[in-house]
Each structure stands twice: as structure tokens, then as C-alpha cells.
Amino acid sequence: MASTTASCSVVFTTQTLYPLPSQKYMIPSSWKRFHLSQLINKTLALAKPIPFDFLVKGELLRTSLGEWCTENGVGEEETLELEYIESIMPPQKISDIPHEDWVSSVSCQLTNYFITASYDGYIRFFDYSQKLAFSTLAHTAPVSSVCVIPQSNSNGDEVEPSHLVATSSHDLSAQIIRIALPSNATSKSESSALMKLYLHTAPVSSIASNSSGTHLLTSSWDTFIGLWDTNAPTSDEVPEAPVNERERKKRRKLNGGTNNTAVKRKAPTTVLKSHTARVSRVVFGNAGNENTAYSCGFDSTVRMWDVENGVCTCTITSSEKPFLDIALNSDGHTALAASTDRTVTLYDVREASTSTSTSSGSLLHTATPSCISTGATPHQVFTGAYDGVVRLWDLRSMKSAITSFKAWSETKKVLSIDWRQGMVGVGGEGGFEVWKAVEAVH
């Protein structure tokens, strides 16, 4: 490309399905992302234009090539390697479903349904038309977390007629509920509590299932983590504690106005002890690594656990960094932990040691990030924060978010997000919203 204007020597690389021939290009220094994307499309003669973003030395290009070279001290004689990736379209709002109380946890895991858990003690199922398909009073105090327990039949096929859902609460308990949703306009939804999980002496902050649905993990403000199998006990494994008349009335309401004693009280198979302050969240490792668990807490630590043997195998300690949430990216190599210091910190769990570990980077926020949801590709992650903003990040370029949107018209805290099936469910002080956010294939 002959020109009297300043130019940069560039080679293009990509992991997409649209590679360019390997050669050098002389690109005008004034060109920005839009011009480079046009060049890729015209060179490949794509029938339908595809917008691309560009990574240079692990950073998204947000200026002209010349400005980037000046800011980073790159001389004219150096050849830049630009990796192009498919651009992610800005999320589009699909629906807004108000709730009477704060929504503490959401799930988009079930096809055709959204699940919300609320501070009013209820869990609710909404279909994609925003119609309430099911609701039940699950706890006598705020529900802190909800998760779907995967099921399969003897052939390994997914079971559809009913669903198993696990909930945790500030009432010091967790439980497993079987829910049958209406299959047609004339049928009704049904639910039954299968078992109550008792271990904790303080609010239960989270509950998580492994990918096979055989075990659950609970975390609590009492510093303990419980490991549970999902087999229903034949008798109570935990004695019932004495309760006053007020609590007895609450439990009657929970059981539909009866003294229902059919729900068995289940004990954990293992108690994981190592945290020294409240545990905010615990999750299983990804499929194939489910004997490992990851937790974070107000003791400024991220911990790895050998679930089978019930021991902490690694403690990553930070200074003055209480953690609120933890998630793994899709390849299971990186743990992301949200902290009250307004950062989400990345840790390479493959290199973690038993001593203080340095992070591999941080995502900076203008307010406390409260929740994290990772995508199907290892590079993309959504975070929600107390300023009401949900941000989408590419972990290969962590200086700033790729895009963001504000949930609700007023500034209200985001408390939970879940990104699945091309949709982002957002729960918090403003209720529940759903946004369309299709992942780009990089």
C-alpha cells in the first residue's frame, strides 16, 4: 500500500474462521479499528460483513495505530502483530420483571425459563414471555443463592418432566426442591421439598452443584463449607433444634400451613474448615475437575480444596481484600475473585502455591463488584457492581471493559448475574432484567 503518509508495518493473526494470508501490510498510522475491520472484510471478500476488534500485545486497540505506537514507545521500524477477533455486539435489553423485594440470585440455566431467588424468601420461575410459571416460599428468611441440579436418566439423557433446584438462605439452612413445571395450558406446576441441609450456625451465603448433579457445596458466614451428596436420606440425620412459637408458625407457613415432618434433615458428608472469616462463595471445579473446589471470603483469601479428602490444598492470600464472589473461566485455568477494593482479580490456579500468590491481573471498577459470570469462551466475563452497571470484559485486554450497560433507570445495586444461552440475567435491588448478549467465537 504505497502512500506518502506515515505508515506502520503490520502482520495479522487470528483464531477465528477467517484467516488472512500470512504477509506484511503497510497500514496508514491514522487507521483505527473501523478501517482495519473494513480491510479484513474486503480482503476476504466476505459475503456478509463481520465487525472485528484488534488486539496488539494483549491490549484492545482503541486509538489509531500511530497513537498506540507513540503511547507505547514503538518505533516505525518495528512490525506490529495484530490479532483480530470478532466484535461483540452491545447487549440489548429483552425484558424487565419487577419484584417486590431484592433479587439475590438468578439462573438462566434451564431452557425456556429464568429462575430468581429473592429476599422475600421466594423462588420464582418465569418463562421467556415473562409469565410467572411457578413460585414457592422456600425459606423463612432471604434466599441467598439458587442453583439447578443437573439430572440424567440411565441413558445419560437429560430429564425434562421435573427439575431439581437447590437453595440456601439466611435462615441457616439449605434445601433441595423438586419442581414440575406445567407442560401445557391446562396442567399445573407442582413442587415438593426433598430434604433440608443442616450444618451452619450463621447465614448460608451460597450453594453450588457439580456438573453431574451428585454433590452440592454450601458456604456460610460461620467460616465453614459443607459438602453434600444429593441422595435423599431415609431418616433424619440431624436432630431438630428447639424452636419458639414464632419460629414454629413460620415453618408451618413454609409447609403450607401444616406440621409437615416428611422432609428429612440431612447432614453433610464432609465439612471443609480453613477460612477464618465469613465465606462468600464456593464453587466446584469445571467438568473433569470436580474433586477440586474454590472458595473466597472476608479473610482476604482464595482457597483451593481437595473435596474427596476434605483438605485445603492451596491458600492465596491478599492484603486487605475481602472477597465477595468467585468464578472460574471456561477452561478452568483462571479463578476470578471480586473484592470490596473495587477490583476483580485474576489468579492462575495452575500456578497457585501454598504461599502468597501474585495475581495475573485485575479488572478495575468504579464501584464494588458484587458478582461474576463467565462465558463459554475463556476470554469473556461479565461483572455486576454496586453502581448498577454490568460490564463485559475480554481477559486479553483488561484495561477497560469492552462494553457495559446500566440495569434499571435508577442507581441500584446489582447482586447477581448469570450469562448462558446468549442471555444475561441480572438481579438486584431493582428486580430482575434480561439482556441479549451473544458470545463471539474467537
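Conventions we followed
- Starting from 1, residues in each chain are numbered consecutively following that chain's sequence as written.
- Residues qualify for local features only when their pLDDT is at least 70, as the model is predicted, and side-chain atom pairs are given and counted only at 80 or more; totals for whole chains, interfaces and linings, by contrast, use all residues.
- Note that water and hydrogens are dropped before the side-chain values are worked out from all heavy atoms of the structure.
- Two rings belonging to Phe, Tyr or Trp (six-membered ring only in the last case) form a pair when the distance between their centres is within 6.5 Å. Interplanar angles under 30 degrees mark stacking, angles over 60 mark edge-to-face geometry, and anything in between is tilted.
- A run of H or I in DSSP becomes a helix once it reaches four residues, and a run of E becomes a strand once it reaches two; helices and strands are each numbered from the N terminus.
- Accessible area is worked out with a 1.4 Å probe on protein chains only. A residue is then buried under 20% of its type maximum, exposed over 50%, and partly exposed in between.
- Any Lys NZ or Arg CZ that is within 6 Å of a ring centre and within 35 degrees of that ring's normal is treated as a charge sitting over the ring.
- A strand pair is defined by DSSP finding two or more bridges across the two strands.

Where do I start with the packing of aromatic side chains in this structure?
Aromatic ring pairs are described here by two measures, namely the spacing of the ring centres and the angle between the planes. For the coordinates displayed, the defined rule picks out 13 aromatic pairs. When the ring of F12 is compared with that of Y25, the centres are 5.3 Å apart and the planes differ by 70°; the resulting orientation is edge-to-face. Of the two residues, F12 is situated in strand 1 (residues 7-14) and Y25 in strand 2 (residues 24-28); the sequence distance between them amounts to 13 residues. In this structure F12 comes out as buried when scored by relative accessible area, which is 9%. The lysine or arginine in question, R265, covers the ring of Y198, its NZ or CZ lying 3.8 Å from the ring centre. The side chain of K413 reaches across the aromatic face of Y386, ending 4.4 Å from its centre.

Help me out: how do you make sense of the pairing of strand 7 (residues 103-107) in this one?
Here strand 7 lies mainly inside the structure; 5 of its 5 residues are buried. Pairing of strand 7 with strand 8 (residues 113-118), which is carried by 4 bridges, proceeds in the antiparallel orientation. Across the sheet, the residue bridging to S105 is A117, located in strand 8. Taking the residues that link successive antiparallel strands as the turn, the strand 7-strand 8 hairpin has 5 residues, and the phi of N112 there is positive, at about 80°.

Sorry if this is basic, but what is going on with the sheet that holds strand 5 (residues 79-86) here?
Backbone hydrogen bonds are what pair the strands of a sheet, in a parallel or an antiparallel way. Strand order in the open sheet made by the 5 strands is 2-1-5-3-4, with mixed pairing throughout. Since the sheet does not close on itself, it has two edges, and those belong to strand 2 and strand 4 (59-60), each with one partner. Pairing geometry for strand 3 (residues 52-56) and strand 4, over 2 bridges, is antiparallel. Each bridged residue has a counterpart across the sheet, and for V56 the counterpart in strand 4 is E59.

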